[in-house]
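Read off the chains here:
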Amino acid sequence: MKKFLMILPILALLLTGCGEKKEDNNNEKKDNGKTGTIACTLSNDQGAYKLDAEYVIHYNGDFVEYVETTETVSSESEVYLNQMETELKKLYDENEKNYGGYTVNITNENGKVVSKVKIDYSKMDLEKLVNDQPAMSAFIKDKKFTKTGVQSIYEAMNATCK
């Protein structure tokens with residue numbers, strides 16, 4: 001149970017895209033409307049469970065349109081996986097209810113809980129998000145999440161982004 005509780009803050013950070021790192025939006029590189037993706041990967045083996053994650057940031061110019069995430073938690077403990085599935089569903093449901101923009105599919109089979117999530121920032125209530133989590137304002141410019149801001153959130157969690 002202790003290890004289960006240790007992963008929840010990490011997942012909460014992943015699910016909301018929240019972080020405390022500040023950035024200087026005035027020094028961002030301009031892409032002149034270029035669209036593309038940045039893929040960030042993360043692997044964390046805690047013994048009782050292993051987390052493998054991929055976060056694909058879809059951007060247009062300096063701003064993120066949406067992020068597609070695939071997070072796989074593997075464990076030999078069925079009890080742990082059932083708890084993880086329950087907590088993930090609860091957390092994503094709360095984020096969708098509070099802010100909008102989440103499309104979620106969670107499965108629990110073959111010793112793995114897999115969550116596939118699309119976070120569409122154009123459908124998210126960013127004003128409410130910033131009101132609830134003021135640190136998020138560091139990653140928003142012109143009422144949109146910045147590409148460098150979202151990438152820095154994942155890198156702060158030791159994800160490798162390319």
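Placed above this text is the structure.
Novice: I keep staring at the overall build of the protein chain and nothing clicks. Help me out?
Specialist: A tally of regular secondary structure across the protein chain gives four helices and eight strands. In the protein chain, the succession of helices and strands from N to C terminus is α-β-β-β-α-β-β-α-β-β-α-β. Of the contacts formed within the protein chain by residues at least 6 apart in sequence, a portion of 61% connects residues at least 24 apart. Here the protein chain displays about 8,700 Å² of accessible surface, and carbon together with sulfur accounts for 47% of that area.

Novice: Quick question: what am I supposed to make of the pattern of salt bridges here?
Specialist: Opposite charge on two side chains allows them to pair when their charged atoms are near. Tallied over the full model, the rule gives four salt bridges. For Asp52, the salt bridge identified is with Lys50, shortest N-O distance 3.9 Å. We note a salt bridge from Lys89 to Glu85, for which the minimum N-O separation is 3.1 Å. Remark: Glu85 and Lys89 occur in helix H2 (residues 78-99); sequence separation between them is four residues, near one turn of the helix. Assessed through its relative accessible area of 37%, Lys89 is described here as partly exposed.

Novice: Explanation requested: H2 in the structure shown.
Specialist: Since there are 3.6 residues in each turn of an α-helix, residues three or four apart along the chain are aligned in direction. An ideal rise of 1.5 Å per residue puts 32 Å on 22 residues; H2 measures up with 31 Å between its terminal C-alpha atoms. Every buried residue of H2 is listed here: Tyr80, Leu81, Met84, Glu85, Leu88, Tyr92, Asn95 and Tyr99. The buried residues of H2 occupy an angular sector of 135 degrees when projected down its axis, which confines them to one face. Of the exposed residues in H2, those oriented more than 90 degrees away from the buried face are Glu78, Val79, Asp93 and Lys97. Once H2 ends, the next one or two residues include Gly100, with phi positive near 75 degrees.

Novice: I would appreciate a short explanation of the packing of aromatic side chains in the present structure.
Specialist: Given two aromatic rings, one states the distance between the centres and the angle between the planes to describe the pair. For the coordinates displayed, the defined rule picks out four aromatic pairs. Residues Tyr49 and Tyr80 carry aromatic rings whose centres are separated by 5.4 Å and whose planes lie at 10 degrees to one another, so their mutual orientation is stacked. Of the two residues, Tyr49 sits in the loop between strand S1 (35-45) and strand S2 (50-60) while Tyr80 sits in helix H2, which places them 31 residues apart along the sequence. Under the relative-accessibility criterion, Tyr49 is labelled buried at 3%. Their ring planes at 10 degrees and their centres at 4.4 Å tell us that Tyr55 and Tyr154 sit as a pair that is stacked. With Tyr55 in strand S2 and Tyr154 in helix H4 (residues 147-156), this residue pair connects regions lying 99 residues apart in the sequence. Judged by its relative accessible area of 0%, Tyr55 is buried. Between the NZ or CZ atom of Lys144 and the centre of the ring of Phe63, over which it lies, the distance is 5.4 Å. The side chain of Lys147 reaches across the aromatic face of Tyr59, ending 4.2 Å from its centre.

Novice: Help me out: how do you make sense of the sheet that holds strand S5 (residues 112-120) in this one?
Specialist: Strand pairing in a sheet relies on backbone hydrogen bonds, with the paired strands running either antiparallel or parallel. The strand order S4-S5-S3-S2-S1-S8 describes an open sheet built from six strands, whose pairing is antiparallel. Strand pairing shows two members of the sheet lacking a second neighbour, strand S4 (102-109) and strand S8 (160-161), which therefore form its edges. Packed on one face of the sheet, H2 meets strand S3 (63-74), S4 and S5 and runs near 170 degrees to S4. The strands touched by H4 within the sheet are S1, S2, S3 and S8, with S3 carrying the most contacts at an inclination of about 15 degrees.

Novice: Teacher, can you tell me more about the nonpolar core here?
Specialist: Nonpolar side chains in soluble globular proteins tend to end up buried together. Formed by 38 residues in total, the largest nonpolar core has its most connected members in Cys40, Ile57, Val67, Met124, Phe145 and Tyr154. Looking at this core element by element, the count peaks at six residues for H2. When sequence neighbours within four positions are dropped, the list of residues in contact with Ile57 reads Gly36, Thr37, Ile38, Cys40, Val64, Tyr66, Val67, Val150, Gln151 and Tyr154.

Reading the values: rules and limits
Residues numbered from 1 in each chain as written. Predicted model: local features only at pLDDT ≥ 70, side-chain atom pairs only at ≥ 80, totals over all residues. Heavy atoms only, no water. Helix = DSSP H or I, 4+ residues; strand = E, 2+ residues; numbered from the N terminus. Contact = heavy atoms within 4.5 Å. Areas by Shrake-Rupley, 256 points an atom, 1.4 Å probe, with all protein chains shown as cover. Salt bridge = Lys/Arg side-chain N within 4 Å of Asp/Glu carboxyl O. Buried < 20%, exposed > 50% of the residue type's maximum accessible area, 1.4 Å probe, protein only. Expected span 1.5 Å × (residues − 1). Arc of directions from axis to C-beta. Phe/Tyr/Trp six-rings, centres within 6.5 Å; stacked < 30°, edge-to-face > 60°. Lys NZ or Arg CZ within 6 Å of the ring centre and 35° of its normal. Pairing = 2+ DSSP bridges. Axes fitted to C-alpha atoms, helices over the stretch in contact; angles between N-to-C directions. Core = buried A, V, L, I, M, F, W, Y, C linked by side-chain atoms within 4.5 Å.

On their own, these measurements won't tell you what the molecule is for.
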